There are 4 protein chains.
Amino acid sequence: MCNSIGVKFRVTTFGESHSKALGAVIDGCPAGVEFCEDDITKYLNGSGVFDCLKTRRNEPNQPEILSGVYKGRTLGTPVAIVIHNKAADSSQYMQLEGIARPSHAEYEYYSKFGLYDPRGGGRSSGRECVSRHAAAALADKILTSKNIILEPSVIELGGIKITDDQHIGEILKSVLEKSSAGDSTGGIFEVKIKNLPAGVGSPVFQKLDAQIASAVMSVGGVKSVEIGSGIEAARLSGKEANDVFCYDDSGALKTRTNHSGGICGGISTGFDIIVRAAVKPTPSIYIEQDTIDFYHKKNVKINLKGRFDVNFTPRAMAAAVSTLKIIILDNLILSGIIPPDKI
Amino acid sequence: MCNSIGVKFRVTTFGESHSKALGAVIDGCPAGVEFCEDDITKYLNGSGVFDCLKTRRNEPNQPEILSGVYKGRTLGTPVAIVIHNKAADSSQYMQLEGIARPSHAEYEYYSKFGLYDPRGGGRSSGRECVSRHAAAALADKILTSKNIILEPSVIELGGIKITDDQHIGEILKSVLEKSSAGDSTGGIFEVKIKNLPAGVGSPVFQKLDAQIASAVMSVGGVKSVEIGSGIEAARLSGKEANDVFCYDDSGALKTRTNHSGGICGGISTGFDIIVRAAVKPTPSIYIEQDTIDFYHKKNVKINLKGRFDVNFTPRAMAAAVSTLKIIILDNLILSGIIPPDKI
Amino acid sequence: MCNSIGVKFRVTTFGESHSKALGAVIDGCPAGVEFCEDDITKYLNGSGVFDCLKTRRNEPNQPEILSGVYKGRTLGTPVAIVIHNKAADSSQYMQLEGIARPSHAEYEYYSKFGLYDPRGGGRSSGRECVSRHAAAALADKILTSKNIILEPSVIELGGIKITDDQHIGEILKSVLEKSSAGDSTGGIFEVKIKNLPAGVGSPVFQKLDAQIASAVMSVGGVKSVEIGSGIEAARLSGKEANDVFCYDDSGALKTRTNHSGGICGGISTGFDIIVRAAVKPTPSIYIEQDTIDFYHKKNVKINLKGRFDVNFTPRAMAAAVSTLKIIILDNLILSGIIPPDKI
Amino acid sequence: MCNSIGVKFRVTTFGESHSKALGAVIDGCPAGVEFCEDDITKYLNGSGVFDCLKTRRNEPNQPEILSGVYKGRTLGTPVAIVIHNKAADSSQYMQLEGIARPSHAEYEYYSKFGLYDPRGGGRSSGRECVSRHAAAALADKILTSKNIILEPSVIELGGIKITDDQHIGEILKSVLEKSSAGDSTGGIFEVKIKNLPAGVGSPVFQKLDAQIASAVMSVGGVKSVEIGSGIEAARLSGKEANDVFCYDDSGALKTRTNHSGGICGGISTGFDIIVRAAVKPTPSIYIEQDTIDFYHKKNVKINLKGRFDVNFTPRAMAAAVSTLKIIILDNLILSGIIPPDKI
């Protein structure tokens, strides 16, 4: 249950960083959606923004659809997608068994489960996101056909705001300079969800913003989620913060502002949904750190080796976008706006 | 389903601002917990922090336990609690039917459901929280017996940071001055969850921080949720942000910092869980505003009358605390740390 | 969770036989359904078939709708219904505390929860069904508007098949004669669900027949559930059992037989759904029985006093019908055949 | 959601008869369970009772564990198991596209989803059960360690009761004789669940018998489910049907009878749970049948070719046993009798 998301369009993911494979089972996808492995490959490639910041292992990422699709169309039955781990190198991790990499989750998994997979972070690895992308590739086919678009952008990296395109080169340089000392940085991203009609979401505990907060916070490394004006909403007055509706001359509904970020009372307003999230710096750094050996209950030093992201904000953003696609589609199906059984 | 929270300790709430009653059904509470109506009344009274900021209707709030308790102990069967609305005055709202109060949710509910309850905000009213409190009163009995404590504090009001007790008088004055012009303000609150053992939570989609984000964002008016260093985590380097474990001389596990806010990989670290949230200013203000009549599709002016909170940060904080108690208990039961069937 | 049924049209019930009240919260009912307390009262009265067989306590059963309805129409928010227990007399039960009434569930509840409510069977009482009826009264309004009809009939009582109307008088006499010696009898009922379109239900674990089996078996005292030819299907050959489709002269789809009972592969065929269930004899009898005192771990004799049904087949049938209405509606909403948000 | 079963030990299955693979994802298995591919292979082989009645395709059924297991022990993360379809021959089915095989589910799937997989029954094929077995192989490891045993037996085949071992040869001959004319037969099986402690299950909608009924009815071809005396309970008197508890001389709790089949009020009594189910005759027969071409809306004749089970009662029984293992384990975990996070 912990590894599933969505109610009607329900995605269950599996896989560790170095297990044989990762994957997703999508239950409740409407029948009749055109979908093939190439859609997933394209989607996976398309999620590769800011590539220069990443230096992760070189996985071919060849997805395989095992079920739920016949003659290129979804059947309404579970779509199982598998992506094999082929380039995983477990050797460096095996000697770290029992040693907590600072701000990774080895100790926490061990506390919960009494044992853990030391290879590459196991289930808590960022590698987990490939399952989200595989499922989102299918959600994306349906959302795109309804013209519902998610627009992500990195808006801050290593403490430096990204204001325009010209700036990015310098920011990246600055980010890489920081990392040249073996340290890492974090960042902030924003996602706009466009063209979602008014009336999507629900009251009280499954508010659309609550679902979004959960989806985005479920991405490893995310430490805050904001909707609309977010934290700044606390510093506005009511008069400033209220998004006043009006009909324009053509009779179309408008608002002058969008402090609410497209959601009010847990239900979409029909205007852009705006989500922002902060991503912590990569916890894997090339600097010696104090830590513990929790097998032997003693203090030790750790020196990490391997290939790490200097900054994984873009990667977290891509995972957030994919997770948001899943829940937005689920809400559209639950509302009957997208028919549940067949497109 | 939208009005339920929790998996094993599962709370379903109901009620509109001016319906006959509000309430909660708590399914899956372990048997044997001492619980009576007085516990709820005390809990409701105890959640009344910063009373000077509130001017809401004068409800007696006499809770009634309808089922699930016998001779003062829970039976393991659903505990239904009802709180009647007695002081609701619908008169001023009836004339506003079809008119959107700015940044309230009338238009959104109407878009979703095709009709809406115009009296006092209906289901989207802050009054909804009384159901959360009633259920949390029961959760609180169990959590307290395990010494799990939630410590809330308002840390910013109307843009002014609250640093110590002495300061509060002036802040409140400042906040009330702003509101004397008929406008309102927002704020930021923080909740510490203390004494939760390591190993609570789950991987991937039901990460403890994801559940917390959803729970807190489900409180009306909350526009951001942060865990640990939150948005500031994006501005730290990896070396700064990593919470380094060590054993002290007595062999006890420690960390020097708690940037992660007590959760790593979606699972508790055993240290304080730290949650922060921003609350928007009260949307009901005593200033004339533009808006729409969505029944007749025309632009109108609106002048709200009635009793509104000048600032509902304390009230949102109390609702967040109650919702967090429900999900923390649910996670403890799901982990078997608190036995599911009988205490 | 245990006290809820349905996914989108989700009913949560509460209440013990002698608690202050019983009731139901219906979450996910589409908005715009005309519904008032009188609908529930009529429904409760209408479920009173074969009244001569019943001698239960004289409850006024005045339902109260606490929320979710405004100006006579559902709001899309939770509809909470409460029915107070007014005629409960706990006196005779209090002296039985710790003593297992044979084939009642006191010992089982005590084993699970470590304590139990000895008054009138507590949560395991047939009284629980009033909550199902209250929720079904709402489901019924929607189903009726779609011309989906449930036709129940008692087909066997005390081992005697009911073949036609003329027979019933004698059967009842025979049933009552058996019971005049203080003993009780059981029976079999059948429910036909008419006009459900083809294509309702789902593959594998949530097959429509699996959902029906669960719903009917969840009624206290039911010991078997059959679909279509049921147990007799095991004695047919494939040639006999196959329901052959054909188009008649008008082009309408027909089958000559309906051994499958309107469901194939877990999905409705578009023909009558046929469900049958066996109900055990009333466990409360006016004959001295051996049993145990599980508080003091010793063998004792028990002589039950009070008002019991001589045969509760009709009552179980009514409860089954109500539960079936809930799940049939839920499936129609999940399929999008009935719109989820608003009628 | 339709393809999942269990709440905490939650199994999601996927795969069509002729898709690349079938499989299961098991979420919520406690960590620390010894489990390897050989366990699955052995379990699959062990479920092959009454082999002479089966003539299905010759699949190697080599299961592959993709995730969730490290060094031979479960990690607490999702265990994904895949079984590739290697011997599927789709050729004969492709020419049947649009033609309803009598009492198969092609028309129903087509009605629901607007398209369907014509190859070997698609998702509604008995082949689906291999996923249940794969998941049950894991459940079985835990149940066996707790000495909870499921004892299945076929008790009727082709209308002939199986009373003792000597008889079986003749019954099989008789069954095969019937089938030599190209026709098929059905049967009845029984499963005893032994050593389940008292107190497992839940009140009202998730009663243990309701869950069992759903689990067993979810197996393709099952048309009835009985608990304990089942349909015969309707023909007993209360005095006969009541299972009277007593303590024997050693102080152990006993009952003279077990009409209730080990469940009362939805909760286990601590005595054997007894489940019976009727299985319809194999719908695929070697006799020409009338049917429809629903693509072209016309009546046609059908002559099925291929390898079919003469009687699939043993196969359905095996699938029922596996599904029961999953839900029994789930209930034990939900009750905390088996720890949820780690064994």
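Provided above is the structure to which this section pertains.
The structure contained in this document is the topic of the report that follows. For every chain, the first residue of the written sequence is number 1, and numbering continues from 1 onward in sequence order. Chain A is the first chain written and ligand 1 is the first ligand written, with later ones labelled in order. pLDDT decides what is reported in this predicted model: residues at 70 or higher carry local features, side-chain atom pairs at 80 or more are listed and counted, and totals for whole chains, interfaces and linings draw on all residues regardless. Neither water nor hydrogens contribute to the side-chain values; these are computed over all heavy atoms in the structure.

A tally of regular secondary structure across chain A gives 8 helices and 18 strands. Seen through its principal axes, chain A has C-alpha atoms that stretch 70 × 50 × 40 Å. Burial here depends on accessible area, computed with a 1.4 Å probe over protein chains only, as a share of the maximum for the residue type. Under 20% is buried, over 50% is exposed, and the range in between is partly exposed. Residues classed as buried in chain A amount to 67% of the 343 residues present. Put simply, 73% of the contacts in chain A that link residues at least 6 apart link residues at least 24 apart. Throughout, the Shrake-Rupley method with a 1.4 Å probe supplies accessible areas, and for residues the shown protein chains are the sole cover considered. Entry remark: accessible area of chain A is about 11100 Å², with carbon and sulfur atoms responsible for 49%. In this tally Asp and Glu are treated as negative and Lys and Arg as positive; neither His nor the chain ends contributes. Positions of charges follow a simple convention, taking NZ of Lys, CZ of Arg, CG of Asp or CD of Glu. Charge centroids of chain A, computed over 39 positive and 38 negative side chains, lie 3 Å from each other. Strands are runs of DSSP state E lasting at least 2 residues, helices are runs of H or I lasting at least 4, and numbering of each runs from the N terminus. In this description, contact between two residues means that some pair of their heavy atoms is separated by no more than 4.5 Å.

Time to look at the state of the cysteines. Should the sulfur atoms of two cysteines be covalently bonded, the bond is a disulfide. Residue and element names in this part refer to chain D. Note on disulfides: each one is a pair of cysteine sulfur atoms within 2.5 Å. Scanning the entire structure with this criterion turns up 0 disulfides over all chains. Of all cysteine sulfurs in the structure, the one in C29 sits closest to C36, which takes part in no disulfide; the separation is 14 Å. Here C36 falls in the partly exposed class, since its relative accessible area comes to 36%. Not engaged in a disulfide, the cysteine C246 finds its nearest cysteine sulfur in C264; these two sulfurs lie 16 Å apart.

Attention shifts here to the packing of helix α4 (residues 129-145) of chain D against helix α8 (residues 313-334) of chain D. All names here are of chain D. The contact between α4 and α8 brings their axes to 8 Å, and the two run at 45°. Of the possible angle classes, the one that applies to α4 and α8 is oblique. As for how α4 packs across α8, the hand of that crossing is left-handed. Each of C129, R132, H133, A135, A136, A139, D140, I142 and L143 in α4 lies in contact with α8, whose residues at this interface are A318, A319, S322, T323, K325, I326, I328, L329 and L332. Note on definitions: angles span 0 to 180 degrees between N-to-C directions of axes, and those axes are lines fitted to C-alpha atoms, for helices only across the stretch in contact. Orientation is classified from the angle alone, with under 35 degrees giving roughly parallel, over 145 giving roughly antiparallel, 65 to 115 giving roughly perpendicular, and any other angle giving oblique. Left-handed is the label given to a crossing in which the near helix is rotated counterclockwise from the far helix by less than a right angle, and right-handed is the label when the rotation is clockwise.

With that settled, the discussion passes to the relation of the copies chain C and chain D. A least-squares fit on C-alpha atoms brings the copies together, and the residues used are those whose pLDDT is at least 70 in both copies. It takes a turn of 180° to lay chain C on chain D, together with a shift of 0.0 Å along the axis; the resulting RMSD is 0.0 Å. On this basis, the relationship between the two copies can be described by a two-fold rotation axis. Of all interface residues in chain C, 100% are interface residues in chain D too; the two copies therefore contact each other through one and the same surface.

Take the pairing of strand β2 (residues 10-14) of chain B next. Residue and element names in this part refer to chain B. Within β2, 5 of the 5 residues are buried, which leaves it mostly tucked inside the rest of the structure. The two faces of β2 match: R10, T12 and F14 on one face and V11 and T13 on the other face are all buried. The criterion for strand pairing is that DSSP finds at least two bridges linking the strands in question. Bridge count for strand β1 (residues 4-5) against β2 is 2 bridges, and the pairing is antiparallel. Directly across from S4, in β2, lies its bridge partner T12. The antiparallel hairpin formed by β1 and β2 contains 4 residues in its connecting segment, where G6 sits at a positive phi of about 95°. Judged from the 5 bridges that link them, β2 and strand β3 (residues 21-27) form a sheet pairing that is antiparallel. When the sheet's bridge partners are listed, F14 is paired in β3 with G23. Hairpin connection of β2 to β3: 6 residues between the antiparallel strands, including G15 at a positive phi of 115°.

Our focus in this paragraph is the side chain of H18(A). Residue and element names in this part refer to chain A. Inspection of the secondary structure puts H18 in the loop between β2 (10-14) and β3 (21-27). Overall, the relative accessible area of 9% leaves H18 in the buried class. Under the rule applied, a polar contact is a pair of N or O atoms within 3.5 Å (in protein, one hydrogen donor and one hydrogen acceptor; residues adjacent in sequence only if both atoms are side-chain atoms). Among the polar contacts listed, one links the side chain of H18 to the side chain of S90, at a separation of 2.7 Å.

Let us look at the packing of aromatic side chains. Residue and element names in this part refer to chain A. Planes of paired rings set the category: under 30 degrees apart is stacked, over 60 is edge-to-face and the rest tilted, where pairs are Phe, Tyr or Trp rings (Trp by its six-membered ring) whose centres lie within 6.5 Å. The tally for this structure, following the rule as stated, stands at 44 aromatic pairs over all chains. Relative to F113, the ring of Y109 lies with its centre 5.9 Å away and its plane at 55°, an arrangement referred to as tilted. One end of the pair is Y109 and the other is F113, both in helix α3 (residues 106-113) and 4 residues apart, which spans about a single turn. On the accessibility criterion, Y109 (8% relative accessible area) is buried.

Chain A puts 51 residues into the contact, and the matching count from chain D is 51 residues. Regarding the contact of chain A and chain D, the summed buried area is about 3800 Å², with carbon and sulfur atoms giving 58% of it. We define a salt bridge as a contact between a side-chain nitrogen of Lys or Arg and a carboxyl oxygen of Asp or Glu at a distance within 4 Å. Linking chain A with chain D are 8 salt bridges, by the criterion used here. Notably, a salt bridge pairs K71(D) with E97(A), separated by 3.4 Å at the nearest N-O pair. For the side of chain A that touches chain D, the elements supplying multiple residues, two or more each, are β2, β3, β4 (63-65), β6 (73-74), β7 (79-84) and α3 of chain A. In short, buried area is how much 1.4 Å probe accessible area vanishes from two parts on joining, totalled over both.

As a further point, take the sheet that holds strand β11 (residues 222-227) of chain B. Read across the sheet, 10 strands follow the order β9(A)-β8(A)-β10(A)-β16(A)-β11(A)-β11(B)-β16(B)-β10(B)-β8(B)-β9(B) without closing on themselves; strand pairing throughout is antiparallel. The open sheet terminates on both sides in strands that have one partner only, identified here as β9 (160-161) of chain A together with β9 (160-161) of chain B. Contacting β11 (222-227) of chain A together with β10 (187-194), β11 and β16 (273-279) of chain B, helix α6 (residues 208-217) of chain B crosses the sheet at an angle of about 155° to β11(B).

Turning our attention to the sheet that holds strand β2 (residues 10-14) of chain D. Residues and elements named next belong to chain D. Ordered in space as β1-β2-β3-β7-β4, the 5 strands form an open sheet in which the pairing is antiparallel. Edge positions in the sheet fall to β1 (4-5) and β4 (63-65), since each has one partner strand and no second. Where β4 lies against strand β7 (residues 79-84), 3 bridges are found, and the strand directions are antiparallel. Counted as the bridge partner of E64 is V82 from β7.

Residue and element names in this part refer to chain C. Here N303 lies in the loop between β18 (298-302) and α8 (313-334). Setting aside its immediate chain neighbours within four residues, N303 contacts I287 and E288. Only 3.1 Å separates the side chain of N303 from the side chain of E288, close enough to count as a polar contact.

A separate point is the interface of chain C and chain D. Of the residues lining the interface, 100 residues belong to chain C; the matching set on chain D comes to 100 residues. Each partner contributes to the roughly 7700 Å² buried at the junction of chain C and chain D, and carbon and sulfur atoms together form 63% of this total. Looking at the side of chain C facing chain D, the largest losses of area belong to F205(C), K223(C) and Y247(C), adding up to 11% of the total buried there. Our enumeration of links across chain C and chain D arrives at 4 salt bridges. Two residues, R256(C) and D290(D), come together in a salt bridge whose shortest N-O distance is 3.4 Å. Our count for the contact surface shared by chain C and chain D stands at 35 residue pairs in polar contact (both at pLDDT 80 or more).

The next subject is the pattern of salt bridges. Tallying each qualifying case throughout the model produces 87 salt bridges over all chains. For the salt bridge of K194(D) with D272(D), the shortest nitrogen-to-oxygen distance reads 2.9 Å. Taken as a pair, K194(D) in strand β10 (residues 187-194) and D272(D) in the loop between β15 (267-268) and β16 (273-279) lie far apart in primary sequence, 78 residues in all. On the accessibility criterion, K194(D) (23% relative accessible area) is partly exposed. Using a relative accessible area of 22% as the deciding quantity, one classes D272(D) as partly exposed. Connected via shared salt-bridge partners are E156(A), K161(A), E232(B) and R235(B).

This next bit is on helix α1 (residues 37-46) of chain B. All names here are of chain B. Regarding α1, the residues found buried are D39, I40, Y43 and L44. The buried residues of α1 occupy an angular sector of 130° when the element is viewed end-on, so they sit on one face. Facing away from the buried surface of α1 by more than 90 degrees, the exposed residues are K42, N45 and G46. As for α1, its buried residues are in contact with β4 (63-65), β7 (79-84), α4 (129-145) and α8 (313-334). Directions pointing from the helix axis toward each C-beta atom define the arc.

A separate point is α4(D). Residues and elements named next belong to chain D. With 17 residues, α4 should cover 24 Å at 1.5 Å per step; its first-to-last C-alpha distance of 24 Å lies within 8% of that length. Bend at a given residue is defined as the angle between two axes, one fitted to the seven residues that end at that position and one fitted to the seven that begin there. Taken as a whole, α4 carries its principal kink of about 30° at A139. When you tally the buried positions in α4, you get 13 out of 17 residues, the bulk of the element. The first or second residue beyond α4 is N147, which carries a positive phi of 65°. Each residue after the first adds 1.5 Å to the expected span of a helix.

Residues and elements named next belong to chain B. Along the chain, I338 turns up in the segment after α8. Since its relative accessible area comes to 1%, I338 is described here as buried. C-alpha separation for the pair I338 and P30, spaced 308 residues apart in sequence, amounts to 8.7 Å. Other than its neighbours up to four places away in sequence, I338 contacts P30, I142, K146, L329, L332, I333 and I343.

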